[in-house]
Amino acid sequence: MAAATAKTYPNAIAGGIDLGGTKIEARLFGAGYQSLEATRFPTPTDTVETFLQALSKAIRWLEETSGRGSRLPIGIGLPGIINPFNGAAMAANIPVTGLDLPAAIARKIGRKIPLINDGQAFALSEAHGGAGLGARSVLGLIMGTGIGAGHVLDGALPYRRNIAGIEAGHLGLPAPLLERHGLPIRPCGCGRKGCFETYLAGPGLRRICQHKLGHALPPEDLGAAVANGDPAATGVLEIWAALAAQLLLTLHLTLDPDCIILGGGLSQLPQVTDHLARAFTRVRLGPMALPDLRLAAHGDSSGARGAAILAVQEAAKE
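Quick caveat, the model's predicted, so the values are computed rather than measured.

Visitor: Provide a residue-level description of unusual backbone geometry, including the pertinent values.
Guide: Positive phi values are uncommon outside glycine, yet Y33 reaches one of about 55°. With respect to the helices and strands, Y33 occurs in the loop between β2 (23-29) and β3 (35-42).

Put into structure tokens, the structure is as follows:
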């Protein structure tokens, strides 16, 4: 349930909402997008109406806690995509698929709220006072229960026809690479087969463990074994890094960013940037300069923070 607060923050510059399948996190930001206050609401998944009611409570909490009411810029980050022509949303874990989500939110609260894909929100947050500070082209790569990405150029989101991130997890893994490591092509939750997400996300790393160790270690246990010098566990991590390097190469060759910011639970694996950098170097194309690999600076708050940054950018256009 949301935490009650009597304190208000009239100097708040924006609010951000990170919309997920189990929780709706509302976070208020001040100067420099520093977090001032945050709360969480459970995400109802039974009906659209109960979902919109919970989302409305999160928005009202931000307005009331800021003391600025409807003058407070607010943005919402969510997993999934939105059709730019009819507003139809598609998301796996929240009951909005097929709904004109922007219009439904506007009807519920009486004003328009900008929406952003969570991968894009992550990248936007890290480009503004995060690990991407000083870079013109910032790519954010989230590796958790799924794989997602976002791209920011000169501090802003480049035009994308759909309100979507970079669906990096649903690019195809090279079959010869899977064959080399003795891994079968697996079906993906998106309905296709052989997507990067099937082995690079948390459940995919468990699958590599199952194939190579005979049991499906959780990522945190695998990380502990690697940190303790277990050679079999280290071998699993190196296979995962070799697969991930192919995705990094694909993103590098198509978007050519200055840096790639790593987020999500798997970015906390021991020495993950070292493992990935070595694997990335082995597959580089000729003398091309590779982007820096960096760990996210804002962690779990990046989704709401990026949504808040978008809200301020959109408000400045009005």
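Resuming the write-up.
Visitor: Which residues make up the sheet that holds strand β7 (residues 115-117), and what values do they have?
Guide: Strand pairing in a sheet relies on backbone hydrogen bonds. The paired strands run either parallel or antiparallel. Ordered by their spatial adjacency, five strands build an open sheet running β3-β2-β1-β4-β7, and the pairing between neighbours is mixed. Each end of this open sheet is capped by a strand with a single partner; those strands are β3 and β7. Averaged over all pairs of adjacent strands, the angle between strand axes in this sheet comes to 20°, irrespective of strand direction. Pairing analysis gives three bridges linking strand β4 (residues 74-78) to β7, with the strands arranged parallel. Within β7, the position partnered with I76 by the bridge is L115. Contacts from helix α3 (residues 118-127) reach β4 and β7, with the element oriented near 90° to β7. Taken strand by strand, helix α10 (residues 302-317) contacts β1 (14-19), β2, β4 and β7, and its axis lies near 135° from that of β1.

Visitor: Describe the nonpolar core, listing the residues and the values that go with them.
Guide: Within the largest apolar cluster, 44 residues are counted, with the highest numbers of intra-cluster contacts made by L141, I208, W240, L243 and L276. When residues of this core are assigned to their parent elements, the largest contribution, 13 residues, is made by helix α8 (residues 231-255). With near-sequence residues (within four places) excluded, W240 lies in contact with M143, Y199, L200, L205, I208, L266, L269, V272 and L276. Counting 32 residues, the second-largest nonpolar core is a separate cluster that includes Y9, L52, L78 and I82.

Visitor: So, a nonpolar patch on the surface: which residues are in play, and what are the values?
Guide: A contiguous nonpolar surface patch, about 250 Å² in accessible area, is contributed by L253, L285 and M288. Position of L253 relative to the elements: it lies in helix α8.

Reading the values: the criteria
- Residues numbered from 1 in each chain as written.
- Predicted model: local features only at pLDDT ≥ 70, side-chain atom pairs only at ≥ 80, totals over all residues.
- Heavy atoms only, no water.
- Helix = DSSP H or I, 4+ residues; strand = E, 2+ residues; numbered from the N terminus.
- Pairing = 2+ DSSP bridges.
- Axes fitted to C-alpha atoms, helices over the stretch in contact; angles between N-to-C directions.
- Contact = heavy atoms within 4.5 Å.
- Core = buried A, V, L, I, M, F, W, Y, C linked by side-chain atoms within 4.5 Å.
- Buried < 20%, exposed > 50% of the residue type's maximum accessible area, 1.4 Å probe, protein only.
- Patch = residues over 30% accessible without salt bridge, like charges linked within 9 Å, V, L, I, M, F, W, Y side chains within 5 Å.
- Areas by Shrake-Rupley, 256 points an atom, 1.4 Å probe, with all protein chains shown as cover.
- Salt bridge = Lys/Arg side-chain N within 4 Å of Asp/Glu carboxyl O.

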